[in-house]
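Each chain is listed here by its residues.
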Amino acid sequence: MNAPLTPAAVRRRFCVLSFFVNLPTGLYTVPLVLLLSARGLDPAEIGLVFAAYGVTTVVLELPTGGLADVIGRRAVLLTSAVIGTASLVMMGLGTSLGALVLASALRGVSRTLRTGPLESWYVDSLRAADPEADLKPGLARGNAWTSAALAMGALAGGLIAPALPSLRWGPVIPLSVPLLLAAAASAALFLLILLAMPEPPFAHAGLRAVLRSVPATIGSGARVSARDAVVLRVLAVALGTGLALNAMELLTPGRIAGAVEHLELAAGAYGVVVTLGFAATAGGSALAPAAARRLGSASAGAVAGTLIVAAALAGLAATATLAGAAGVAATAAGYWCLYTGLGLVEPLRMDLLHNRVSSAERATVLSIDSLVQQLGNVGGAVLFGWLAVAYGIRPAWFVAAALVLAAALLYPRARAGATLR
């Protein structure tokens, strides 16, 4: 039998696993839309591909979270890595709309499976090693490593295709190479989970027991979310986070394209801006524990981060008419500030959540949190897309800033009540 992990070992492994869980996403983030365009898809068809991902995540978010609480964190994360590898290979090599829609749906399945299990493993393993251990340092480091993976992946994914301009090998073209590298990274994650993510002995349930237990676990997580005012508020903040992320990811590419008036230059500039944003998230996450100490609580630190996000959106709106290099620089600065704020918010928001939820329902509540954020993304796509078309980018960003500012009022003033371990 392996020796129990120490708190330091749990934190180290959580950081490394966080990096490799998110590296595939970083690699395909920048080239994905360009690849779909190169395959001959028009904007409406590209929207269909992304819709397949969004619908899958919304439908499966809660059932897969409940599954992790029933059959174990490790098994669910291994399954996510297998499906993720297959979906990325299909996305990199697929040439028809049907194949790309299927690949996107499978990518959504993989995403829902990885929501919650790793963080739940970290919290449970750290509590087992030291029941009094502070969650915040590990959560902050894990978030920083996540951001580092996304930043490094985005930078590499944006530079690979231009370095291989003449590559043509069957369905493999320059823009498909980052997707295939992402698939390789997902396969490496599978091996890493096997080697570095031990799970305490687990009573595996049969299929019938799983089918009975998952809905019951979902119900338990939903009841905890509904009856605990702190959990309910923290989950509601995720809606504002989803809105903020959507406002950035939906409107920023068009804003940069409008500033430089050249699609190829806009793609390169956006790749750099995305990389800076992920790096900013890492920096914000690293500052989260110190911010909580300086301001007196995780809630106060999270409020400060949320105010930074709202200010960044307002700044983007205020500079929306700048053109050329000044427009790109202003957008990059807003992007950097927004993701710094989000990096500061998330570890502290998760600390509030974990300290109100027991191990038995932790992954389920994390899936509820992710579902709420996804609903914010879907709602933001409709709201901000309509606002941008009807009134322009500036009003859309001002509305986003107001909604995020309102979310700051949802944080509890103190973590009152008993903490569940």
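Keep in mind that what you see is a predicted model, and the values were worked out from it rather than measured. (Residues numbered from 1 in each chain as written. Predicted model: local features only at pLDDT ≥ 70, side-chain atom pairs only at ≥ 80, totals over all residues. Heavy atoms only, no water.)

As for a nonpolar patch on the surface
Together, Leu 383, Trp 386, Tyr 391, Val 399 and Leu 403 line one region of the surface with nonpolar side chains, adding up to about 470 Å² of accessible area. The set of elements that each furnish at least two residues to the nonpolar patch consists of helix H14 (362–391) and helix H15 (393–407). Ranked by residues supplied to the nonpolar patch, first place goes to H14 with 3 residues. Within the fold, Val 399 resides in helix H15. (Patch = residues over 30% accessible without salt bridge, like charges linked within 9 Å, V, L, I, M, F, W, Y side chains within 5 Å. Areas by Shrake-Rupley, 256 points an atom, 1.4 Å probe, with all protein chains shown as cover. Salt bridge = Lys/Arg side-chain N within 4 Å of Asp/Glu carboxyl O. Helix = DSSP H or I, 4+ residues; strand = E, 2+ residues; numbered from the N terminus.)

Some thoughts on the pattern of salt bridges
Oppositely charged side chains may form a pair once their charged atoms are brought near each other. Scanning all chains against the criterion turns up 2 salt bridges. Residue Arg 73 pairs with Asp 124 through a salt bridge whose shortest N-O separation is 2.8 Å. One end of the pair, Arg 73, is in helix H4 (residues 73–93); the other, Asp 124, is in helix H6 (residues 117–129), with 51 residues separating them in the sequence. Both residues of the pair, Arg 73 and Asp 124, belong to the buried class. The residue Arg 349 makes a salt bridge to Glu 346 at a minimum N-O spacing of 3.0 Å. Pair noted here: Arg 349 and Glu 346 are both in helix H13 (residues 324–354), with a separation of 3 residues, about one helical turn. Glu 346 carries the same exposure label as Arg 349, and that label is buried. (Buried < 20%, exposed > 50% of the residue type's maximum accessible area, 1.4 Å probe, protein only.)

Quick notes on H6
With 13 residues, H6 extends 18 Å from end C-alpha to end C-alpha; this agrees with the ideal 18 Å at 1.5 Å per step. Most of H6 is tucked away, with 11 of its 13 residues classed as buried. (Expected span 1.5 Å × (residues − 1).)

Observations regarding the packing of aromatic side chains
On inspection of all chains with the given rule, the structure shows 4 aromatic pairs. A ring pair is formed by Phe 14 and Tyr 122, whose centres lie 4.4 Å apart and whose planes are at 20 degrees; its orientation type is stacked. Of the two residues, Phe 14 sits in helix H1 (residues 7–29) while Tyr 122 sits in helix H6, which places them 108 residues apart along the sequence. The class of Phe 14 is buried, set by a relative accessible area of 4%. Looking at Tyr 122, the relative accessible area reads 0%, which means it is buried. When the centroid spacing of 5.4 Å and the interplanar angle of 70 degrees are considered together, the rings of Phe 19 and Phe 20 count as edge-to-face. The ring of Tyr 53 is capped by Arg 107, whose NZ or CZ atom sits 4.4 Å from the centre of that ring. (Phe/Tyr/Trp six-rings, centres within 6.5 Å; stacked < 30°, edge-to-face > 60°. Lys NZ or Arg CZ within 6 Å of the ring centre and 35° of its normal.)

Description of the nonpolar core
Ranked by internal contacts, the top residues of the largest apolar core, which has 43 residues, are Leu 17, Leu 118, Trp 121, Tyr 122, Ile 193, Met 197 and Leu 353. Judged by nonpolar contacts, the second largest core, of 37 residues, contains Ala 151, Met 248, Phe 278 and Leu 387. (Core = buried A, V, L, I, M, F, W, Y, C linked by side-chain atoms within 4.5 Å.)

As for the confidence of the model for the protein
Mean pLDDT for the protein: 80, with 84% of residues reaching 70 or above. Considering only residues more than four positions removed or in separate chains, one finds that residues 414–421, a stretch of pLDDT under 50, has 21 contacts. (pLDDT = per-residue confidence, 0-100. Contact = heavy atoms within 4.5 Å.)

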